[in-house]
Amino acid sequence: MNAHIERIKKNIEPLRQQIINHKVYSAIKDVDDLKVFMQYHIYAVWDFMSLLKALQKNLTCTSIPWFPKGDAETRHLINEIVVGEEADVDSFGKRKSHFELYLDAMQQCGASKNEIEKFITELKKNGDFTSAFTLAGTPKEARDFVDFTFSIIVSEKDYLQSAIFTFGREDLIPGMFHSIVNDIDKKFPESVAIFKYYLERHIEVDGDHHSHLALQMTANLCQTEQHWKEAEEATIASLQKRIELWDGVYKQITAKKDLMTATQ
């Protein structure tokens, strides 16, 4: 294993553990709690796809006329990940992106898609994140999470994009989602079949294959000590944003329960 990757993994482990063992998971007691979680998390699912496509744009030729761009090994790595994320299969074998699969899971459990759909519709119209967030009523923590991701996207630094993709998303997802999927089917068997499939699919694909591809991609792109230093700093910031996102979900779930208790 690359020594720089080992160092980053060691230095971010406390943050990883905070995420994997976050109290938000144990706060999800019923379907209504799960709905709150999903309505926040969908923003991270969406901006993950944007980060993925930014990497593909920067590492491959996506314009006409076509010309060879960058290293063929790195092109192969990102294109293979894109296929798996943008055109995977649902439980019926139908091709869907993981974002579309998540929307299906939200619909099945009764989580509102209005907010994320308003956000995307407005963003398509004018490209203005501020107005899209405002119109949709996006929670602050979800807004801050997306803003950070896009600050890395617009930096045009592919090695930073790869670092937060790898250590803040792909390499993190299996451990994080194990914390959610445990016993969830026992609690909500009729409402979460698609969500359970989504989680298990991530654990299977990201844990076994995509995380290895992403680690290799980051190693290929970080060419200097400065690159590795910046990559570690960006990774730490991305994990902190994830913790803040989960904190926001936890506060919303507990506030809802406190309100219900007070009105009973």
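It should be emphasised that the depicted structure is a prediction, and the values quoted were computed from it without experimental measurement.

About the cut-offs
- Residues numbered from 1 in each chain as written.
- Predicted model: local features only at pLDDT ≥ 70, side-chain atom pairs only at ≥ 80, totals over all residues.
- Heavy atoms only, no water.
- Axes fitted to C-alpha atoms, helices over the stretch in contact; angles between N-to-C directions.
- Helix = DSSP H or I, 4+ residues; strand = E, 2+ residues; numbered from the N terminus.
- Parallel < 35°, antiparallel > 145°, perpendicular 65-115°, else oblique.
- Left-handed = near helix turned anticlockwise from the far one by under 90°.
- Contact = heavy atoms within 4.5 Å.
- Nonpolar A, V, L, I, M, F, W, Y, C, P; charged D, E, K, R; others polar.
- Buried < 20%, exposed > 50% of the residue type's maximum accessible area, 1.4 Å probe, protein only.
- Salt bridge = Lys/Arg side-chain N within 4 Å of Asp/Glu carboxyl O.
- Core = buried A, V, L, I, M, F, W, Y, C linked by side-chain atoms within 4.5 Å.
- 1 Å grid on protein atoms, 1.4 Å probe; cavity = no way out; pocket = protein on both sides within 12 Å on 5 of 7 lines; lining within 4 Å.
- Points joined across faces, edges and corners; volume = space filled by probe spheres on them.
- Expected span 1.5 Å × (residues − 1).
- Bend = angle between axes of the 7 residues up to and from the residue.
- Polar contact = N/O pair within 3.5 Å; in protein donor to acceptor, adjacent residues only side chain to side chain.

Draft legend 1. Seen up close, the packing of helix α7 (residues 129-136) against helix α8 (residues 140-154). Close contact between α7 and α8 brings their axes to 12 Å; oriented N to C, the two are set at 160 degrees. With respect to each other, α7 and α8 are oriented roughly antiparallel. Viewed along their axes, α7 and α8 form a crossing whose handedness is right-handed. Packed against α7, whose contacting residues are F129, T130, F133 and T134, the element α8 presents R143, V146, D147 and F150 at the interface. In terms of residue class, the contact of α7 with α8 is made up of four nonpolar, two polar and two charged.

Draft legend 2. Expanded view of unusual backbone geometry. Look at the link from I64 to P65: it is a cis peptide, with omega at 0 degrees. In this fold, P65 is placed in the loop between α3 (31-59) and α4 (72-86). Phi angles above zero are rare outside glycine, and E156 is one such case at about 60 degrees. By secondary structure assignment, the location of E156 is in the loop between α8 and α9 (158-170). For E156, a relative accessible area of 46% puts it in the partly exposed group.

Draft legend 3. Structural view of the pattern of salt bridges. All told, the structure shown has 14 salt bridges when counted by the stated rule. In this structure, E117 engages K113 in a salt bridge whose closest nitrogen and oxygen atoms are separated by 4.0 Å. One salt bridge in this structure joins E233 and K229, with 2.8 Å as the shortest N-O distance. Here E233 and its partner K229 are both found in helix α13 (residues 225-263), four residues apart, which amounts to about one turn of the helix. The class for E233 is partly exposed, based on a relative accessible area of 44%.

Draft legend 4. Region of the structure containing the nonpolar core. Formed by 88 residues in total, the largest nonpolar core has its most connected members in F37, M38, F119 and F195. The dominant element in this core, judged by the number of residues it contributes, is α3, at 18 residues. Those residues in contact with F119 that lie beyond four places of it in its chain are Y43, W46, F129, A132, F133, A136 and T138.

Draft legend 5. Focus on empty space enclosed by the protein. Taken as a whole, this structure holds two cavities of 30 Å³ or more when the rule is applied. Approximately 90 Å³ is the volume found for the largest cavity. Lining of the largest cavity is provided by 13 residues; of these, A44, V45, F48, I173 and Y198 occupy positions nearest its centre. Broken down by element, the lining of the largest cavity gets its largest block of residues, four residues, from α3. Every residue lining the second largest cavity is listed: F145, F148, T149, I164, G168, R169, S238 and K241.

Draft legend 6. Here's a closer look at α3. A rise of 1.5 Å per residue sets the reference length of α3, with its 29 residues, at 42 Å; its end C-alpha atoms lie 41 Å apart and thus fit the reference within 8%. Along α3, the helix axis deviates most sharply at Y40, where the bend reaches about 30 degrees. Among the 29 residues in α3, 24 count as buried, and that is most of the element. The N-capping residue of α3, defined by a side-chain oxygen 3.1 Å from the backbone nitrogen of D32, is D30.

Draft legend 7. Structural view of the environment of F145. By the element assignment, F145 lies in helix α8. By relative accessible area, F145 is classed as buried at 3%. For the pair F145 and T62, spaced 83 residues apart in sequence, the C-alpha separation works out to 27 Å. Apart from the residues within four sequence positions on either side, F145 is in contact with A44, D47, R169, K241, R242 and L245.

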